Amino acid sequence: MAETSTDLTLDPEILENYKVYDRRVRIDTIKLFCWLIFTLMPAGFTLDYFVYPDHLWAFLKMRLVCSAIVAVLWVMVQTSFGLKYYRALGFILPLLPCFFISLMIWETNGVSSTYYAGLNLVILAIGMVCPWTYQENLWEGMVIMAMYVLACLLHPEPMPSFGVLFNNLYFIILTQIIVGASSWSQGKLRLREFALRFEVDRSSRMLKETNEKLVEMDRMKSQFFANISHELRTPLTLMLAPLEELQRQVPPDPQVTETLRLMRTNGMRLLKLINDLLDLVKLESGRVEVKREPVSIPEMIRGLAQSVQPAARGRKVRLSASVPDGLGVALLDRDKMEKIVLNLLFNSVKFTSAGGEVAVEATEEEGELVIRVRDTGVGISEKDLPFIFDRFWQADATAQRKYQGTGIGLALVRELTEAQGGKVSVESQVGKGTVMTVRVPLERTTEAPAEPSEGEGAGVPGSGSDQWLAKLYRRAELFPAMTEAAEKPQGWEGGSSKRPRLVLADDEPDMLRFVKSQLGRDYEILEAVNGTEAVEKTRQYLPEVVVLDMMMPEKDGIEACREIKAEPATRTIPVLLLTAWAEEKTKLAALQAGASDFLTKPFSTTELHVRVKNLIASHRTQSELSRQNLRLESALEQLKETESSLVQSEKMSSLGRMSAGMIHEINNPLNYALSALNVLKGLRAKWPEGERAKLDDLMADMQEGMTRVQRIVSDLRDFTHPHGRALGPVDLEEALATALRFLGHETEKNARIVLTVPKNQQVFAEKNNLTHVFVNLFQNALDAMKAKDHGDEKPTLAITVEEKNGRVLIRVRDNGTGIAPRHLDKIFDPFFTTKDVGQGMGLGLSICYRIVKDMGGEISAASEEGKFTEFTLDLPAQAPSTKGAEEASRDLAGRQPS
């Protein structure tokens, strides 16, 4: 279809529906166009009467024939044939009047006929009435122009002027262009309008269907809640009845008594939750009935406050009730009012910290009973106030929430209040407390108040099932939907027990006591009531396993597990997560946090024992393997060190033997040469005056060469037989001055010395050896600075000294050629040198390294090639201790060569 070529991007469903819509519109338009032609063509008889009276009856016949043909087409459109070929009929229909108008033009004045305007009218009618596409309009226009041109050219009289024909064609073409542009624009608008309308209709249908489904789902949900609550009530009642019998008959075994109490307590909590759900379902379905009866308001309020006192004492909260006796008796729905007040009181007690206060008061205001429950609890933030009466809403729905609950209580309060024609409101400030206000119509009566149902402890199972169930449900209403304030868990004091240590964390005291009772026989239990305590106790005591509840305040189980696994000291401790969420997402989150295992509530205690036992066994095996691995790594490292020491020792021994032989062989001819040189110096006076200068130069060269040989021999002697001397305090400024004085002839000419030494700075070393180290380092620095072209920069040798933490750091820095990075780790190796042949043997830094090590120090180098080199000596500022100094001195003295 041509409209689909517009710039709209539509889905196939819309396009298919648009085709159906377009077909219907076209057929309706064809019928309308038929009526227009059928009526307007004969009406043109009046125009013929005034313009061409000579052709009046001939033109009337043409007009009637055209109308007759159009009538036939109108009939055809009603048939199946016409409905099938409606496009062809729609294309032919506008051409019929154009054909007869063209005949009239041919019959009259041809190109000079004024009836060409009728063709423009037809073209305009097509654009205005027919929903043709611009392509269809183009073809219609071309056919109409062809008819007009033929009528003009076939006219028997010659054409008066081509300009007249051009003028008429110009206006016809212009009209056609305008109509085509309008058709193109209208086609887009029509398609867009249909698409929008279709989307709106489709959305409306979907919304209606969704709404119907939601209504049905809501009905099914309510029905489900009602059914499941009733179904849960039956087995729960069958559990609570035997429990009460057992509590009366079982011997006073503390563990059995505690287990039965735990079972009954949580059974009553579950029964109260089920009753609340049933009340919500009744309120939602509109089946709730308000049963008014005479009620003594002071007795009711005080009685309810008295019923909540045990829960308040358990939470260490003061509870008070204030009701004037003048309120008297009124017609109220006792059951609903009791649920309202109990929910508000329990809620306030739950959110009030130990030491806080909760007060309930009842007054009469403007014909209404007003009940206010005030507390000094945590309060409610302003942004949460609009939502607190919504069903299942909680301010903190995360796994770290501090206060447990289902979000039913306050929703039930509002709906029960509104069911009695009242309203409930709240005022609160974070950290200061909350005031809940309930207003219900007050209808006084002179009737005697009805007796309330009996409270806790009334009724015995079996003595009338209906009566017992009613009393059981009432006791459930009076039962607090919360636990007592958790006692601060005690830390583990250690001991001789060989049982494995286990950290157990749960914010629910009953669950904590239950799991502890199950595991306490086999493990030393360290209790925690939140994730933060669990992490701290794991760090402190390093247990063999950690058992965490998933939902805890401050840190949930996953966050606590993640922190335990993040620390090196606790990383290997296995973590078992207990969770009531069994979905795949929770399991994956637990495993990603590093949990070793997880157990879904409710769980078998046997399975809990087996999982904990397996985790501890795995942990112990892993720990033993780690210890074995550490021992093996330590042994391997020692073997490597021993091997390295043996190789180095053998290397030094070989070098020592070789050097000793070389020293012996070199010393004798060196002594002969030095003696001969002294003899030559004695004979200098006998040489001719003119040759003495030349002789002096020769003897100086010989002296320098033999001095170098002597220095090499000295280095070899120091390397093979280091002279250990006793360590003691050395004045660092004096030692540095001595070393610089030895090289004074070079430093004065070749370098600028920058010396930064604190006054009276001492170092624990051996003076002569330390001076020897300084001389070697300074000589290397001077050689490096000589080899570099400094330009405008002056060669500088900087020596800085500082004391830090009982150590003295001596830095020797030059701005010479530097050391290539690839050589830095080799510079202290024996015989390693980067100097040219004849300029050094590579023993100087090796000797320095050995001397510094023997003095209990460290030497290191840093350099950037082409910029600087810096050697750092790290030496003790004083002797570690008197005993240590003596031992060090004896040790060094024992190293003297034999």
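Here, every reference points to the structure presented above.
About the criteria used
- Residues numbered from 1 in each chain as written.
- Predicted model: local features only at pLDDT ≥ 70, side-chain atom pairs only at ≥ 80, totals over all residues.
- Heavy atoms only, no water.
- Pairing = 2+ DSSP bridges.
- Helix = DSSP H or I, 4+ residues; strand = E, 2+ residues; numbered from the N terminus.
- Axes fitted to C-alpha atoms, helices over the stretch in contact; angles between N-to-C directions.
- Buried < 20%, exposed > 50% of the residue type's maximum accessible area, 1.4 Å probe, protein only.
- Parallel < 35°, antiparallel > 145°, perpendicular 65-115°, else oblique.
- Left-handed = near helix turned anticlockwise from the far one by under 90°.
- Contact = heavy atoms within 4.5 Å.
- Phe/Tyr/Trp six-rings, centres within 6.5 Å; stacked < 30°, edge-to-face > 60°.
- Right-handed = clockwise from strand over helix to strand, strands pointing away.

Enquirer: Even after reading the chapter, I still don't get the sheet that holds strand 5 (residues 368-375), so can you show me in this structure?
Expert: By way of backbone hydrogen bonds, the strands of a sheet pair with one another, either parallel or antiparallel. With mixed pairing, the 5 strands of this open sheet are ordered in space as 2-4-5-7-6. With one partner strand each, in any of the chains shown, strand 2 (318-322) and strand 6 (423-429) form the two edges of the open sheet. In this sheet, adjacent strand axes meet at a mean angle of 15 degrees when their direction is disregarded. The pairing of strand 5 with strand 7 (residues 433-441) spans 8 bridges and is antiparallel.

Enquirer: Would you explain the pairing of strand 5 in this entry?
Expert: Look at any regular strand and the pattern is simple: side chains alternate between the two faces of the sheet. Summarising burial for strand 5: 6 of the 8 residues are buried, a large majority. From the end of strand 4 (residues 357-365) to the start of strand 5, which pair antiparallel, there are 2 residues, and E366 there has a positive phi angle of about 55 degrees.

Enquirer: Sorry, what's going on with the packing of helix 1 (residues 12-43) against helix 5 (residues 86-107) here?
Expert: Two numbers describe a pair of packed helices, the interaxial angle and the distance between the axes. Relative orientation of the contacting elements helix 1 and helix 5 amounts to 20 degrees, with a least axis distance of 10 Å. By the criterion of interaxial angle, the relationship of helix 1 to helix 5 is roughly parallel. Between helix 1 and helix 5 the crossing geometry is left-handed. Between helix 1, through D22, R23, R26, I27, I30, F33, C34, I37 and M41, and helix 5, the contact on the second element is made entirely by Y86, R87, G90, L93, P94, P97 and F100.

Enquirer: Quick question: what am I supposed to make of the packing of aromatic side chains here?
Expert: Aromatic rings considered in pairs are described by the distance between their centres and by the relative angle of their planes. Counted by the stated rule, this structure contains 12 aromatic pairs. Plain terms: the ring middles of F828 and F871 are 6.3 Å apart, the flat faces sit at 75 degrees to each other, and that makes the pair edge-to-face. Here F828, found in the loop between strand 17 (807-814) and helix 23 (844-854), pairs with F871, found in strand 19 (residues 868-876); they are 43 residues apart in sequence, far enough to count as distant. Taken together, W35, F38 and W74 form an aromatic cluster joined through their ring pairs.

Enquirer: Sorry if this is basic, but what is going on with unusual backbone geometry here?
Expert: Of all residues except glycine, most have a negative phi; of all peptide bonds, most are trans. Even without a glycine there, the phi angle at E366 is positive, about 55 degrees. Mapped onto the fold, E366 is located in the loop between strand 4 and strand 5. At N805, a position not held by glycine, the phi torsion is positive, near 55 degrees. Judged by relative accessible area, N805 falls into the exposed class, the value being 76%.

Enquirer: Sorry, what's going on with the pairing of strand 10 (residues 545-549) here?
Expert: With respect to burial, strand 10 is a largely interior element, 5 of its 5 residues being buried. Across the two faces of strand 10 the burial is the same, with V545, V547 and D549 and V546 and L548 all buried. Here strand 8 (residues 501-505) runs beside strand 10; their pairing, made up of 4 bridges, is parallel. Paired with V503 across the strands is V546, a residue of strand 10. As paired elements, strand 10 and strand 11 (residues 575-579) share 4 bridges and run parallel to each other. Within strand 11, the position partnered with L548 by the bridge is L577. Crossover handedness for the path strand 10 to helix 16 (residues 557-566) to strand 11: right-handed.

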